[in-house]
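# Residue-level structural notes
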Amino acid sequence: MQRCEHPNPQFERKNWVNLNGEWDFGFLKAGGRYSFSKNEALAKKTLEADVFPQKINLPFCPESELSGIGNTDFINLCRYRKKVNIEKGDNLVFLIIGAADYLTTVLVNGKTAGRHKGGYTPVRLDITDLVQEGENEIFVLCEDDVKNPLICRGKQSEKKKSHGCDYTRTTGIWQTVYLEYVPKAHIKSFKLYPDIKSCSLTVFAEFEGEGDFTCEAFYNDKCVGKVEKSGVDSSRYFEIPLCEKHLWEVGRGRLYTLRLKFGNDEVKSYFGLREIKLDGMKFLLNGKSVFQRLVLDQGFYKDGIYTAPDDEALIKDIELSMSLGFNGARLHQKVFEPRFLYHADRLGYLVWGEYANWGLDYSDSRSVDVFLGEWQEALERDFNHPSIIGWCPFNETWDYKGRRQYDPLLRTVYNFTKAFDKTRPCIDTSGNFHVITDIYDVHDYSFDTGFFKNNYDRLMTEGFLYEHVLNDNPARQKYGGEPVFISEYGGIKWVSDKSIKSWGYGDDVKTEDEFLKRYKGLTEAILENSKILGFCYTQLYDIEQEQNGLFTYEREKKFDDKVYDEIRKINIRKAKIED
């Protein structure tokens, strides 16, 4: 099985080559605390040693079944090698690795192409001067250590086996590897700013070299807007008036196609015409109050771990969610691949862009430098996706080995995010402990539906959150009247795989009727609250030992159809805040 589709429909050139498939491979099992290489010497030494005893199927990680390796023990180092035929002509040649965890070093024909830190954002390298016409050798070295306190690991288990809500690790390459052939004068990047009031699109584009620029917008193959400028270089803003207005809405993506030309360079993209605002306690989409009916999606797959087996699997997760009346998801503790976001864009599916901060010692001041660079790359990659309706860089910053979070870390990242993107709200850390945030979100796994409802009813009657909601520690965070979002709740354990030692939130629901009663009580308490803008139910599907999903890990049904029918009826009820 391979992933053959273009990995990034928002920035697609025709002249590209997919390098997924079979690569020579070798790996090093962990042996105590790992020391990362400080330069390229380790990569060159490894290449000279010719240590590639196996074959691996990319883009799947070596822990996965689909890779052909299936080693789930700790891995500190992965080596990849492939012979590639290149015909560059007068073009530049870029090598792109969608994501590789964690420190990646690339050699081309034995010479250093570059290095990249971070497990969730693209490695993009200009290899033009290192390649020759005909056969070339690409070598990739990936180093990782999930126990390192200055590495973000997300939900990858720091113990040998999966446990609780941590799962099988992902080491090395886990997104598509490909080549791009690019003219010397080319489009480097662009940011898109739709405006529903003026029915226009502003494009901020950055260029390499000089040339004539054309940008055309299409809807259903009809040109609805165009801008042309000659002699363009560096970077510039362009405004494109649109003669037709088609709003991006929940369940209706209505995407415009965008074609950008700069000299001989052509890039295909798309955008959605929509506007996001906070108005008092309400979340507004195109000026209308839209209640966020979200579900937690962690982006794990039984056979591919971090990597979906195919494009259809990405689509299925969104369709399963929408079939139950959810209108979006928190994409949790992971930067999802661009193709997932593309399907969310075209289906009108609301998502929060997050990062995999777990594992990072957020009590350490050094974490500011580590995190900020990786987070900036995620913002730059995903800024143009209309489905992303907010940013949340951190999740549950509990004490790290008894030490409190370093508050300047959260404040700095929040302020940077707001400076980078003024169009979306930002939650500094989901659940706790808030320092500065646009939305005050909480995680609450209370199972007593009466107790749960009474706590949040006080938000309507008295204007504050009960201490229980503040994790019984109001000194660490203080509610200041911000819009409220119950961004994790429920997690009702229902074991589908009795062959494993399961984990979940509570064991006391024994029948489907009891499950439904709890789901209904918790969810309706939120829907009926005029001060809450949304919920996020934990979670869409089981993952390994965590058995609190609405579907199995294989995305099969866990309940009778009548249960799913009732869940949908509950979810699609009009929320009080939408009045």
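Scroll up to find the structure.
Residues numbered from 1 in each chain as written. Predicted model: local features only at pLDDT ≥ 70, side-chain atom pairs only at ≥ 80, totals over all residues. Heavy atoms only, no water.

### Overview of the side chain of Thr538
Residue position: Thr538 is located in strand β29 (residues 532–538). Thr538 gets classed as buried once you look at its relative accessible area, which sits at 1%. Ignoring any residue separated from it by four or fewer positions in sequence, one finds Thr538 in contact with Leu296, Tyr445, Glu488, Tyr489, Gly490, Gly491, Ile492, Tyr505, Glu546 and Asn548. (Helix = DSSP H or I, 4+ residues; strand = E, 2+ residues; numbered from the N terminus. Buried < 20%, exposed > 50% of the residue type's maximum accessible area, 1.4 Å probe, protein only. Contact = heavy atoms within 4.5 Å.)

### A few points about the sheet that holds strand β2 (residues 21–29)
Judged by pairing direction, the sheet is antiparallel, and its six strands sit side by side in the order β3-β2-β4-β10-β7-β8 without closing on themselves. Of all the strands in the sheet, just β3 (54–58) and β8 (111–117) have a single pairing partner and so form its edges. Strand-to-strand, the axes of this sheet are offset by a mean angle of 25°, without reference to chain direction. Pairing of β2 with β3, which is carried by five bridges, proceeds in the antiparallel orientation. If you follow Asp24 over to β3, its bridge partner there is Lys55. (Pairing = 2+ DSSP bridges. Axes fitted to C-alpha atoms, helices over the stretch in contact; angles between N-to-C directions.)

### Focus on the packing of aromatic side chains
Any aromatic ring pair is given by two values, namely how distant the centres are and how the planes are angled relative to each other. Across all of its chains, the model carries 49 aromatic pairs by this definition. Ring geometry for Tyr120 and Tyr355: centres 5.5 Å apart, planes at 70°, overall edge-to-face. Of the two residues, Tyr120 is situated in the loop between β8 and β9 (123–126) and Tyr355 in the loop between β23 (350–354) and α4 (367–382); the sequence distance between them amounts to 235 residues. For the pair Tyr120 and Tyr355, a shared accessibility class is recorded, and that class is buried. One residue, Arg476, lies across the ring of Phe433, its end atom 4.0 Å from the ring centre. (Phe/Tyr/Trp six-rings, centres within 6.5 Å; stacked < 30°, edge-to-face > 60°. Lys NZ or Arg CZ within 6 Å of the ring centre and 35° of its normal.)

### Description of unusual backbone geometry
Cis rather than trans, the peptide bond between Asn432 and Phe433 has omega equal to -5°. Checked against the element boundaries, Phe433 lands in the loop between β26 (429–430) and β27 (440–444). Along the chain, Thr538 connects to Gln539 via a cis peptide bond; the corresponding omega equals 0°. Position of Gln539 among the secondary structure elements: in the loop between β29 and α8 (561–571). Of note in this structure, Arg254 is not a glycine but carries a positive phi near 45°. Here Arg254 is to be found in the loop between β15 (222–241) and β16 (256–262). Assessed through its relative accessible area of 28%, Arg254 is described here as partly exposed.

### Details of the state of the cysteines
Here the structure, examined in full by the defined rule, presents zero disulfides. You can see Cys142 has no disulfide; the closest cysteine sulfur is in Cys78, sitting 6.3 Å from it. Just so you know, Cys223 is unpaired, no disulfide at all, and the nearest cysteine sulfur is the one on Cys243, 7.4 Å from it. Its relative accessible area of 33% is what places Cys223 among the partly exposed residues. (Disulfide = S-S within 2.5 Å.)

### Some points on the pairing of strand β4 (residues 75–86)
Of all the twelve residues making up β4, ten are buried; the element is thus mostly covered by neighbouring parts of the structure. Relative to β4, β2 runs antiparallel, the two sharing six bridges. Residue pairing in the sheet places Lys29 in a bridge with Ile75 of β4. Bridge analysis of β4 against strand β10 (residues 134–143) gives ten bridges, and the strand direction is antiparallel. Looking at β10, one finds that Asn85 is bridged to Glu135.

### Description of the pattern of salt bridges
Here the structure, examined in full by the defined rule, presents 39 salt bridges. Note that Glu488 and Arg330 form a salt bridge whose closest N and O atoms lie 3.0 Å from each other. With Glu488 in strand β28 (residues 484–490) and Arg330 in strand β22 (residues 328–331), this residue pair connects regions lying 158 residues apart in the sequence. Residue Asp561 pairs with Lys557 through a salt bridge whose shortest N-O separation is 2.6 Å. You can call Asp561 partly exposed: its relative accessible area is 42%. Three or more residues are tied together by salt bridges with common partners; here these are Arg13, Arg124, Glu180 and Asp265. (Salt bridge = Lys/Arg side-chain N within 4 Å of Asp/Glu carboxyl O.)

### Some words on the sheet that holds β28
Pairing in this open sheet of seven strands is parallel, and the strands run β24-β23-β22-β21-β29-β28-β27 from one edge to the other. If you trace the sheet from one side to the other, it starts and ends with β24 (388–392) and β27, each paired once. For this sheet the average axis-to-axis angle between neighbouring strands, irrespective of direction, equals 25°. The pairing of β23 with β24 spans four bridges and is classified as parallel. Along β24, the bridge assignment pairs Trp352 with Gly390. Packing of α4 onto the sheet brings it into contact with β23 and β24, and relative to β24 it is tilted by some 175°. Together, β21 (292–297), β28 and β29 form the strand contacts of helix α7 (residues 512–527), whose direction differs from that of β29 by roughly 155°.

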